[in-house]
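Fold and contact review
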Amino acid sequence: MHLAYPAVLAALLFSVGLYGVLARRNAILVLMSVELMLNAVNLNLVAFDVWLRDTLHAGQALTLFTIAIAAAEIGIGLAIVLMVHRNRGTADVDRLRDTAEPRGTEETPSAGEKAEATA
């Protein structure tokens, strides 16, 4: 099998994942697009490992590490997205510009505290 077939497929997968990261607004879809990009990299690693006939199979070993890191990333990412969705009520990336509390919940200092701060 030629190296061009998996390389082209990996390039297409990576391109679709990159489009998903740049164009999507939902945080879960962005995480899925990142996973798609990581899988494209894994495909390239395995294809080049087979093509080079590496006796140590370094590409496949690196692929296993990448899969483990991707699993940890998606676990932490989904936990963060769920917590933000519970607190804010949306998983829209454009609406989550800052992580500060909404303006309505801030405590306003009393007049005595203002006088002490200026003195």
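About the thresholds
Residues numbered from 1 in each chain as written. Predicted model: local features only at pLDDT ≥ 70, side-chain atom pairs only at ≥ 80, totals over all residues. Heavy atoms only, no water. Helix = DSSP H or I, 4+ residues; strand = E, 2+ residues; numbered from the N terminus. Salt bridge = Lys/Arg side-chain N within 4 Å of Asp/Glu carboxyl O. Phe/Tyr/Trp six-rings, centres within 6.5 Å; stacked < 30°, edge-to-face > 60°. Buried < 20%, exposed > 50% of the residue type's maximum accessible area, 1.4 Å probe, protein only. pLDDT = per-residue confidence, 0-100. Axes fitted to C-alpha atoms, helices over the stretch in contact; angles between N-to-C directions. Parallel < 35°, antiparallel > 145°, perpendicular 65-115°, else oblique. Nonpolar A, V, L, I, M, F, W, Y, C, P; charged D, E, K, R; others polar. Patch = residues over 30% accessible without salt bridge, like charges linked within 9 Å, V, L, I, M, F, W, Y side chains within 5 Å. Areas by Shrake-Rupley, 256 points an atom, 1.4 Å probe, with all protein chains shown as cover.

**Thoughts on the environment of I67**
Here I67 shows up in helix α3 (residues 58-88). Between the alpha carbons of I67 and L38 there is a distance of 8.1 Å; along the sequence they are 29 residues apart.

**Topic: the pattern of salt bridges**
Pairs can form between side chains of opposite charge whenever their charged atoms are close. In the structure shown here, the tally under the stated rule is one salt bridge. R25 serves as the salt-bridge partner of D94, at 3.4 Å between the closest nitrogen and oxygen. Taken as a pair, D94 in the loop between α3 and α4 (111-118) and R25 in the loop between α1 (4-23) and α2 (27-52) lie far apart in primary sequence, 69 residues in all.

**Some remarks on the packing of aromatic side chains**
Scanning the entire structure with this criterion turns up one aromatic pair. Between F48 and W51, the aromatic rings sit 6.1 Å apart at their centres with planes inclined by 85°, giving edge-to-face as the arrangement. With F48 and W51 both in helix α2, this residue pair falls three residues apart, about one helical turn. Of the residues examined, F48 reaches a relative accessible area of 36% and is grouped as partly exposed.

**Side note on the confidence of the model for the protein chain**
Caution applies to low-pLDDT parts of the model: their predicted coordinates are not meant to be read in detail. Within the protein chain, residue pLDDT values average 86, and 82% of them lie at 70 or more. The secondary-structure element of the protein chain with the lowest mean pLDDT is α4, recorded at 60, while α1 shows the highest, at 97.

**Digging into the packing of α2 against α3**
Between α2 and α3, the shortest axis-to-axis distance is 9 Å and the interhelical angle comes to 175°. By the criterion of interaxial angle, the relationship of α2 to α3 is roughly antiparallel. Within the contact of α2 with α3, the residues separate by chemical class into 15 nonpolar, six polar and three charged.

**Focus: a nonpolar patch on the surface**
There is a patch of nonpolar side chains on the surface, built from F14, L18, L22 and V41 and spanning about 360 Å² of accessible area. In terms of residues, the nonpolar patch owes the most to one element, α1, which gives three residues. Within the secondary structure, L18 sits in helix α1.

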